[in-house]
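Read off the chains here:
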Amino acid sequence: MPGSKKVSENPTSAGAGNDFVGYEVLIDFMEKRRLPKLEGDLIEIGAFMGGGTVKLARFALKYGRRIYAVDIFDPRADKTPDKSGVKMCDIYQAFLQGRSQLEVYQQATNGFDNIVTINKDSKRVRFPRGQKFVFGFIDGNHQPDYVINDFNLVWRNLVPGGSSGFHDYNFDLPQVTETIDSLIDKHKDEISEVNEIKQSHIVILTKRKGLPGK
Ligand SMILES: C[S@@+](CC[C@H](N)C(=O)[O-])C[C@H]1O[C@@H](n2cnc3c(N)ncnc32)[C@H](O)[C@@H]1O
(Lines give C-alpha, C1' and ligand atoms only; values in the text may rest on other atoms or scores of the structure.)
Protein backbone atom coordinates (compact mmCIF):
# COMPACT_ATOMS: atom_id res chain seq x y z
CA MET A 1 0.00 0.00 0.00
CA PRO A 2 1.37 3.43 -0.82
CA GLY A 3 2.01 5.27 2.40
CA SER A 4 1.20 8.78 3.49
CA LYS A 5 -0.86 9.64 0.40
CA LYS A 6 -3.41 7.05 1.45
CA VAL A 7 -4.10 8.72 4.76
CA SER A 8 -5.41 11.74 2.96
CA GLU A 9 -7.90 9.69 0.94
CA ASN A 10 -11.44 9.26 2.15
CA PRO A 11 -11.28 6.14 4.33
CA THR A 12 -14.95 5.39 3.76
CA SER A 13 -14.19 4.81 0.08
CA ALA A 14 -12.01 1.83 0.97
CA GLY A 15 -14.78 -0.54 1.94
CA ALA A 16 -16.42 -3.42 0.15
CA GLY A 17 -15.70 -3.47 -3.55
CA ASN A 18 -12.63 -1.25 -3.25
CA ASP A 19 -8.98 -1.95 -2.81
CA PHE A 20 -5.91 0.19 -2.51
CA VAL A 21 -3.87 -1.24 -5.34
CA GLY A 22 -6.32 -1.24 -8.23
CA TYR A 23 -6.58 -5.00 -8.75
CA GLU A 24 -7.97 -4.47 -12.25
CA VAL A 25 -4.38 -4.28 -13.53
CA LEU A 26 -3.71 -7.72 -12.04
CA ILE A 27 -6.81 -9.17 -13.68
CA ASP A 28 -5.84 -7.56 -16.97
CA PHE A 29 -2.37 -9.12 -16.67
CA MET A 30 -3.79 -12.59 -15.95
CA GLU A 31 -6.21 -12.33 -18.86
CA LYS A 32 -3.58 -11.13 -21.34
CA ARG A 33 -1.18 -13.89 -20.26
CA ARG A 34 -3.98 -16.46 -20.34
CA LEU A 35 -2.92 -17.62 -16.89
CA PRO A 36 -6.18 -19.49 -16.29
CA LYS A 37 -5.08 -21.90 -19.03
CA LEU A 38 -2.61 -23.23 -16.47
CA GLU A 39 -3.67 -25.46 -13.62
CA GLY A 40 -3.94 -23.89 -10.18
CA ASP A 41 -5.52 -21.37 -7.84
CA LEU A 42 -4.80 -17.74 -6.92
CA ILE A 43 -3.22 -16.46 -3.72
CA GLU A 44 -3.20 -13.02 -2.14
CA ILE A 45 -1.03 -12.13 0.85
CA GLY A 46 -2.39 -8.96 2.45
CA ALA A 47 -6.15 -8.73 1.87
CA PHE A 48 -6.87 -5.83 4.26
CA MET A 49 -10.58 -5.00 3.81
CA GLY A 50 -11.21 -7.65 1.16
CA GLY A 51 -12.04 -5.32 -1.73
CA GLY A 52 -9.25 -6.75 -3.90
CA THR A 53 -9.98 -10.28 -2.69
CA VAL A 54 -13.51 -9.99 -4.07
CA LYS A 55 -12.20 -8.85 -7.48
CA LEU A 56 -9.83 -11.82 -7.60
CA ALA A 57 -12.62 -14.14 -6.43
CA ARG A 58 -14.96 -13.02 -9.24
CA PHE A 59 -12.20 -13.61 -11.78
CA ALA A 60 -11.27 -17.00 -10.27
CA LEU A 61 -14.90 -18.09 -10.23
CA LYS A 62 -15.14 -17.75 -14.03
CA TYR A 63 -12.49 -20.46 -14.31
CA GLY A 64 -13.61 -22.62 -11.39
CA ARG A 65 -10.61 -21.62 -9.26
CA ARG A 66 -10.16 -20.64 -5.64
CA ILE A 67 -8.43 -17.64 -4.14
CA TYR A 68 -6.46 -18.14 -0.95
CA ALA A 69 -6.41 -14.90 1.05
CA VAL A 70 -3.76 -14.72 3.78
CA ASP A 71 -3.94 -11.93 6.37
CA ILE A 72 -3.13 -11.54 10.04
CA PHE A 73 -6.19 -9.24 10.41
CA ASP A 74 -4.38 -7.16 13.00
CA PRO A 75 -3.99 -3.59 11.77
CA ARG A 76 -1.29 -2.94 14.40
CA ALA A 77 1.04 -5.69 13.15
CA ASP A 78 3.12 -3.88 10.51
CA LYS A 79 5.13 -1.02 11.97
CA THR A 80 7.22 -0.41 8.84
CA PRO A 81 7.63 3.34 8.20
CA ASP A 82 7.44 4.78 4.70
CA LYS A 83 9.92 7.38 3.38
CA SER A 84 8.15 10.14 5.26
CA GLY A 85 8.13 8.19 8.54
CA VAL A 86 4.43 7.25 8.50
CA LYS A 87 3.95 3.71 9.81
CA MET A 88 1.85 1.19 7.89
CA CYS A 89 -0.11 0.32 11.05
CA ASP A 90 -1.16 3.95 11.49
CA ILE A 91 -2.40 4.08 7.90
CA TYR A 92 -4.45 0.90 8.33
CA GLN A 93 -6.00 2.09 11.57
CA ALA A 94 -6.87 5.45 10.01
CA PHE A 95 -8.76 3.66 7.24
CA LEU A 96 -10.56 1.37 9.63
CA GLN A 97 -11.78 4.22 11.84
CA GLY A 98 -12.16 1.92 14.83
CA ARG A 99 -13.86 -0.90 12.91
CA SER A 100 -12.65 -4.49 13.19
CA GLN A 101 -10.52 -5.35 10.15
CA LEU A 102 -11.78 -8.93 10.17
CA GLU A 103 -15.43 -7.87 10.30
CA VAL A 104 -15.01 -5.40 7.43
CA TYR A 105 -13.26 -8.13 5.40
CA GLN A 106 -15.94 -10.72 6.21
CA GLN A 107 -18.67 -8.32 5.15
CA ALA A 108 -16.90 -7.57 1.86
CA THR A 109 -16.21 -11.20 1.00
CA ASN A 110 -19.50 -12.66 2.23
CA GLY A 111 -21.12 -15.04 -0.25
CA PHE A 112 -17.97 -16.07 -2.16
CA ASP A 113 -17.48 -19.76 -1.54
CA ASN A 114 -14.28 -19.84 -3.64
CA ILE A 115 -12.42 -17.63 -1.13
CA VAL A 116 -10.29 -19.58 1.35
CA THR A 117 -9.39 -17.16 4.12
CA ILE A 118 -6.24 -17.95 6.08
CA ASN A 119 -6.33 -15.81 9.20
CA LYS A 120 -2.67 -16.18 10.23
CA ASP A 121 0.72 -14.53 10.30
CA SER A 122 2.09 -15.38 6.83
CA LYS A 123 5.22 -16.87 8.44
CA ARG A 124 2.99 -19.56 9.96
CA VAL A 125 1.31 -20.55 6.69
CA ARG A 126 2.27 -23.75 4.84
CA PHE A 127 0.72 -25.28 1.73
CA PRO A 128 0.92 -28.95 0.79
CA ARG A 129 3.20 -29.75 -2.15
CA GLY A 130 0.19 -30.56 -4.30
CA GLN A 131 -1.33 -27.08 -3.96
CA LYS A 132 -0.71 -25.27 -7.25
CA PHE A 133 -0.92 -21.54 -7.85
CA VAL A 134 -1.13 -19.79 -11.21
CA PHE A 135 -0.95 -16.31 -9.73
CA GLY A 136 0.07 -14.72 -6.45
CA PHE A 137 -0.05 -11.15 -5.21
CA ILE A 138 2.08 -10.06 -2.27
CA ASP A 139 1.11 -6.98 -0.26
CA GLY A 140 1.39 -8.13 3.36
CA ASN A 141 3.92 -7.10 6.02
CA HIS A 142 6.54 -4.77 4.48
CA GLN A 143 9.55 -5.87 6.57
CA PRO A 144 12.23 -7.49 4.36
CA ASP A 145 12.02 -10.85 6.17
CA TYR A 146 8.29 -10.96 5.46
CA VAL A 147 8.74 -9.95 1.81
CA ILE A 148 11.15 -12.89 1.45
CA ASN A 149 8.88 -15.26 3.37
CA ASP A 150 5.83 -14.28 1.33
CA PHE A 151 7.68 -14.64 -1.95
CA ASN A 152 8.84 -18.15 -1.00
CA LEU A 153 5.34 -19.10 0.14
CA VAL A 154 3.96 -18.31 -3.32
CA TRP A 155 6.96 -19.26 -5.48
CA ARG A 156 7.34 -22.79 -4.08
CA ASN A 157 3.84 -23.71 -5.27
CA LEU A 158 3.70 -21.52 -8.39
CA VAL A 159 3.37 -23.54 -11.57
CA PRO A 160 5.86 -22.97 -14.42
CA GLY A 161 4.45 -20.15 -16.55
CA GLY A 162 2.60 -18.76 -13.51
CA SER A 163 3.25 -15.25 -12.14
CA SER A 164 3.75 -13.65 -8.78
CA GLY A 165 3.36 -9.91 -8.22
CA PHE A 166 4.46 -7.52 -5.48
CA HIS A 167 2.99 -4.20 -4.53
CA ASP A 168 5.11 -1.19 -3.41
CA TYR A 169 7.88 -1.67 -5.96
CA ASN A 170 9.85 1.51 -6.68
CA PHE A 171 7.65 3.60 -4.45
CA ASP A 172 7.88 4.87 -0.90
CA LEU A 173 9.15 1.74 0.89
CA PRO A 174 12.78 1.49 -0.30
CA GLN A 175 13.48 -1.67 1.71
CA VAL A 176 10.66 -3.46 -0.10
CA THR A 177 12.14 -2.50 -3.48
CA GLU A 178 15.66 -3.57 -2.42
CA THR A 179 14.37 -6.90 -1.14
CA ILE A 180 12.40 -7.58 -4.32
CA ASP A 181 15.49 -6.71 -6.41
CA SER A 182 17.56 -9.16 -4.36
CA LEU A 183 14.91 -11.86 -4.86
CA ILE A 184 14.88 -11.21 -8.62
CA ASP A 185 18.65 -11.58 -8.66
CA LYS A 186 18.67 -14.72 -6.50
CA HIS A 187 15.99 -16.42 -8.61
CA LYS A 188 17.03 -15.06 -12.02
CA ASP A 189 17.50 -18.54 -13.48
CA GLU A 190 13.91 -19.43 -12.55
CA ILE A 191 12.36 -16.21 -13.88
CA SER A 192 11.41 -15.83 -17.54
CA GLU A 193 10.00 -12.29 -17.36
CA VAL A 194 9.87 -9.30 -15.05
CA ASN A 195 7.01 -6.86 -15.74
CA GLU A 196 6.80 -3.56 -13.93
CA ILE A 197 3.46 -1.74 -13.89
CA LYS A 198 4.88 1.63 -12.91
CA GLN A 199 1.71 3.61 -12.34
CA SER A 200 0.51 0.98 -9.83
CA HIS A 201 3.92 0.38 -8.18
CA ILE A 202 3.66 -3.30 -9.05
CA VAL A 203 6.23 -5.74 -10.34
CA ILE A 204 5.27 -9.20 -11.59
CA LEU A 205 7.70 -12.12 -11.96
CA THR A 206 6.87 -15.03 -14.25
CA LYS A 207 8.24 -18.48 -13.53
CA ARG A 208 10.22 -20.07 -16.32
CA LYS A 209 8.76 -23.14 -17.98
CA GLY A 210 10.78 -26.32 -18.27
CA LEU A 211 12.75 -25.99 -15.04
CA PRO A 212 14.39 -29.27 -14.01
CA GLY A 213 12.13 -31.26 -11.71
CA LYS A 214 9.06 -29.08 -12.41
C1 LIG B 1 -1.31 -2.93 2.41
S2 LIG B 1 -2.47 -3.92 3.21
C3 LIG B 1 -3.13 -4.88 1.90
C4 LIG B 1 -3.94 -4.04 0.96
C5 LIG B 1 -4.62 -4.82 -0.11
N6 LIG B 1 -3.68 -5.52 -0.93
C7 LIG B 1 -5.43 -3.87 -0.96
O8 LIG B 1 -4.94 -3.37 -1.97
O9 LIG B 1 -6.56 -3.57 -0.57
C10 LIG B 1 -1.40 -5.07 4.02
C11 LIG B 1 -2.11 -6.16 4.76
O12 LIG B 1 -1.12 -7.07 5.25
C13 LIG B 1 -1.58 -7.59 6.48
N14 LIG B 1 -0.45 -8.10 7.26
C15 LIG B 1 0.44 -7.42 7.99
N16 LIG B 1 1.31 -8.24 8.58
C17 LIG B 1 0.97 -9.49 8.20
C18 LIG B 1 1.49 -10.79 8.48
N19 LIG B 1 2.54 -10.95 9.29
N20 LIG B 1 0.91 -11.86 7.93
C21 LIG B 1 -0.17 -11.70 7.12
N22 LIG B 1 -0.71 -10.49 6.81
C23 LIG B 1 -0.15 -9.41 7.34
C24 LIG B 1 -2.27 -6.42 7.14
O25 LIG B 1 -3.21 -6.89 8.08
C26 LIG B 1 -2.93 -5.72 5.95
O27 LIG B 1 -4.24 -6.15 5.79
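All values derive from a computational prediction rather than experimental measurement.

## Details of the site of the ligand
Now for step 1: Contacts to the ligand come from 18 residues, most closely from Tyr23, Asp71, Gln101, Ser122 and Asp139.
Now for step 2: Gly46 is positioned such that a nitrogen or oxygen atom in its backbone is 3.0 Å from a nitrogen atom of the ligand.
Now for step 3: Asp121 places a polar side-chain atom, nitrogen or oxygen, 3.3 Å from a nitrogen atom of the ligand.
Now for step 4: For the ligand, the accessible surface in isolation is 600 Å², of which the surrounding protein chains cover 99%.

## Notes on the sheet that holds strand β3 (residues 115-119)
Now for step 1: Read from one edge of the open sheet, 7 strands run β3-β2-β1-β4-β5-β7-β6, paired in mixed fashion. Each edge of the sheet is formed by a strand with only one pairing partner; in this case those strands are β3 and β6 (191-197). Looking at each pair of strands side by side, their axes are set apart by 15 degrees on average, direction ignored.
Now for step 2: By the bridge criterion, 5 bridges tie strand β1 (residues 41-45) to strand β4 (residues 133-138) in an arrangement that is parallel. Its bridge partner being in β4, Asp41 is matched across the sheet by Phe133.

## Observations concerning the pattern of salt bridges
Now for step 1: All told, the structure shown has 10 salt bridges when counted by the stated rule.
Now for step 2: Close ionic contact of Glu193 with Arg33 constitutes a salt bridge, the shortest N to O distance being 2.8 Å. Residue Glu193 is found in strand β6, and its partner Arg33 is found in the loop between α2 (24-32) and β1; the two are separated by 160 residues along the sequence.
Now for step 3: Given the relative accessible area of 32%, Glu193 is considered partly exposed.
Now for step 4: A salt bridge links Arg76 to Asp74; the nearest nitrogen and oxygen atoms lie 3.0 Å apart.

The rules behind these values
- Residues numbered from 1 in each chain as written.
- Predicted model: local features only at pLDDT ≥ 70, side-chain atom pairs only at ≥ 80, totals over all residues.
- Heavy atoms only, no water.
- Near = heavy atom within 4 Å.
- Polar contact = N/O pair within 3.5 Å; in protein donor to acceptor, adjacent residues only side chain to side chain.
- Areas by Shrake-Rupley, 256 points an atom, 1.4 Å probe, with all protein chains shown as cover.
- Pairing = 2+ DSSP bridges.
- Helix = DSSP H or I, 4+ residues; strand = E, 2+ residues; numbered from the N terminus.
- Axes fitted to C-alpha atoms, helices over the stretch in contact; angles between N-to-C directions.
- Salt bridge = Lys/Arg side-chain N within 4 Å of Asp/Glu carboxyl O.
- Buried < 20%, exposed > 50% of the residue type's maximum accessible area, 1.4 Å probe, protein only.

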